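# Summary of the model geometry
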Amino acid sequence: MLVADQKGDLSRFKLHLSNHNFFKNNEYFNDYVYSYTLLGAHLKPMLIYDISKKLSVSGGLYLQKYAGTDVLNTLKPLYRIEYKPVENLSIIMGAIDGGWKHRLVEQIYRFDRHLIDNDEEGVQFVFDNGKAFGDVWINWDKAAFPRDLHQEQLQIGISGEFSLFTSGFSKFNLVGQMLWAHNGGQDLAVTYRVRSFGALAGGLRFSRMFALRQASGCKFESIFIRNSDLSPEKKLPYRNGYGIHTQLEAYYSYFSLSVAYWYDHQYFSALGEPLYQSVSNKWGSVFAPERRVFTGKFAFIKEVTPGLKVAVHYGAYWGRDIKSFDYFYGMHLILNYNVFFKKS
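What you see is a predicted model; the values in this text were computed from it and never measured. (Residues numbered from 1 in each chain as written. Predicted model: local features only at pLDDT ≥ 70, side-chain atom pairs only at ≥ 80, totals over all residues. Heavy atoms only, no water.)

This paragraph deals with the environment of Asn 30. You can see Asn 30 is positioned in the loop between strand S2 (13-27) and strand S3 (36-50). Accessibility expressed as a relative area gives 6% for Asn 30, which makes it buried. Once the C-alpha coordinates of Asn 30 and Ser 280 are considered, the two residues, 250 residues apart in sequence, prove to be 9.4 Å apart. When sequence neighbours within four positions are dropped, the list of residues in contact with Asn 30 reads Leu 275, Lys 282, Ile 322, Ser 324 and Asp 326. For Asn 30, the side chain forms a polar contact with the main-chain nitrogen of Val 33, separated by 3.1 Å. (Helix = DSSP H or I, 4+ residues; strand = E, 2+ residues; numbered from the N terminus. Buried < 20%, exposed > 50% of the residue type's maximum accessible area, 1.4 Å probe, protein only. Contact = heavy atoms within 4.5 Å. Polar contact = N/O pair within 3.5 Å; in protein donor to acceptor, adjacent residues only side chain to side chain.)

Looking now at the nonpolar core. Soluble globular proteins tend to bury their nonpolar side chains together. Ranked by internal contacts, the top residues of the largest apolar core, which has 23 residues, are Ile 108, Leu 179, Ile 225 and Tyr 317. Among the elements of the structure, strand S10 (170-184), strand S11 (195-209) and strand S12 (216-229) are those that each provide at least two residues to this core. Residues contacting Leu 179, with those up to four places away along its chain left out, are Leu 104, Ile 108, Tyr 109, Trp 137, Gln 155, Ile 156, Gly 157, Phe 197, Gly 198, Ala 199 and Leu 271. (Core = buried A, V, L, I, M, F, W, Y, C linked by side-chain atoms within 4.5 Å.)

To continue, consider the confidence of the model for the chain. Where the model shows low pLDDT, its predicted coordinates should not be examined in detail. Considering every residue of the chain, the mean pLDDT works out to 92; 96% of them sit at 70 or more. The low-confidence segment residues 1-9, where pLDDT is below 50, has 22 contacts with residues more than four positions distant or belonging to other chains. (pLDDT = per-residue confidence, 0-100.)

One can find His 245 in strand S13 (residues 240-252). Here the side chain of His 245 touches Gln 107 through a polar contact of 3.4 Å, side chain to side chain. Setting aside residues no more than four positions away along its own chain, His 245 makes contact with Gln 107, Glu 221, Ser 222, Ile 223, Ala 260, Tyr 261 and Trp 262.

Another aspect to go through is the pattern of salt bridges. The full count for this structure, using the stated rule, is 16 salt bridges. One salt bridge in this structure joins Arg 80 and Asp 97, with 3.1 Å as the shortest N-O distance. Placement of Arg 80 in strand S5 (residues 74-83) and of Asp 97 in the loop between strand S6 (89-95) and helix H1 (113-116) is noted, with a sequence separation of 17 residues between them. A relative accessible area of 15% means that Arg 80 is categorised as buried. For Asp 112, the salt bridge goes to Arg 110, with nearest N and O atoms at 3.6 Å. By relative accessible area, Asp 112 is classed as buried at 1%. You can call Arg 110 buried: its relative accessible area is 13%. Among the charged side chains, a network of salt bridges with common partners joins Lys 24, Arg 110, Asp 112 and Glu 273. (Salt bridge = Lys/Arg side-chain N within 4 Å of Asp/Glu carboxyl O.)

The subject of this paragraph is a nonpolar patch on the surface. Together, Tyr 254, Phe 255, Leu 257, Phe 294, Phe 298, Tyr 314, Trp 318, Phe 325 and Tyr 329 give the surface a local cluster of nonpolar side chains, amounting to about 850 Å² of exposed area. Listed by contribution, the elements that provide at least two residues to the nonpolar patch are strand S14 (255-265), strand S15 (290-305), strand S16 (308-319) and strand S17 (324-341). Structurally, the position occupied by Phe 294 is in strand S15. (Patch = residues over 30% accessible without salt bridge, like charges linked within 9 Å, V, L, I, M, F, W, Y side chains within 5 Å. Areas by Shrake-Rupley, 256 points an atom, 1.4 Å probe, with all protein chains shown as cover.)

A word on the packing of aromatic side chains. Both the distance between ring centres and the angle between the ring planes are used here to describe each pair of aromatic rings. Enumeration according to the criterion identifies 22 aromatic pairs in this entry. Between the aromatic rings of Phe 13 and Tyr 49, the centroid separation amounts to 4.6 Å while the plane-to-plane angle is 35 degrees, which identifies the pairing as tilted. You can see Phe 13 sitting in strand S2 and its partner Tyr 49 sitting in strand S3, a full 36 residues away along the chain. For Phe 13, a relative accessible area of 39% corresponds to the partly exposed category. Seen from their ring centres, Tyr 261 and Phe 294 are 4.8 Å apart, and the 45 degrees between their planes marks the pair as tilted. Here Tyr 261 is found in strand S14, whereas its partner Phe 294 is found in strand S15, with 33 residues between them in sequence. Under the relative-accessibility criterion, Phe 294 is labelled partly exposed at 36%. The ring centre of Phe 133 lies 3.7 Å from the NZ or CZ of Arg 103, which sits over that ring. (Phe/Tyr/Trp six-rings, centres within 6.5 Å; stacked < 30°, edge-to-face > 60°. Lys NZ or Arg CZ within 6 Å of the ring centre and 35° of its normal.)

Have a look at this one:
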């Protein structure tokens, strides 16, 4: 018998439904990134069997479809095994916890990848005890075998955050992140250039909660990012660069508002937001050695019923150096729900 529950029943079998319905319209008018609209959904039903409190195995499907297409854009089987050798530490193989769960800044990992490529597979180690967070993973985007016509694609990442100081409602955290993206492979049917890009980030985050009836507070962060082209044969005009991201955010109840400033010198990234980069994603001959980008974002996020969140957001980018105003807006319905098998 099946029973819908959100409170964490101790049944060994459960069905987890993960569904993200998204609409995001990018109105970009510059020479660095294409303007496009993402409208669609992805669904991930997973049957989970808890062998013990420390070990679980699961299997399911990943389905993705964009509006305006007549067929599924992605349909693939998923498997996952998760082992918790000690409290707060998980070792995962198969379908890993990806996307925004890595907590990467968007200069390294753009938001749209959560919508386009949300089915990461590989190996992952996650530690989270409330005071410290650590995530180390390998995402094997595409496998390549001898005589294949395409390259293998993979990323190796590290994301960590550690509480340096806590006093009352205030907290200072140390942030460190690394992402390496690689396209390569040996003994392929066609010879391709090996491409490898790396990014290393570090900085501080400050947060303070306010003693109000509604959840409220403010956050400030300043992150320094160093990027490098690690390819054996370099084709970009820059070998390495850096950027500084500074952001102030305030939130109250279901609303949040943030303003940010980004400065970079010869910055590029394989998976980061192109609006911040010194190399155009549209035209190979367009470059801006120094970028100065002001950003403002607004969001409304509310859980309207158990397991279902509604999100509405808007963001604006003012590229002072290239005299370009770009913006996006969107809406999301995000479902995370457990259905337990009731013991007879």
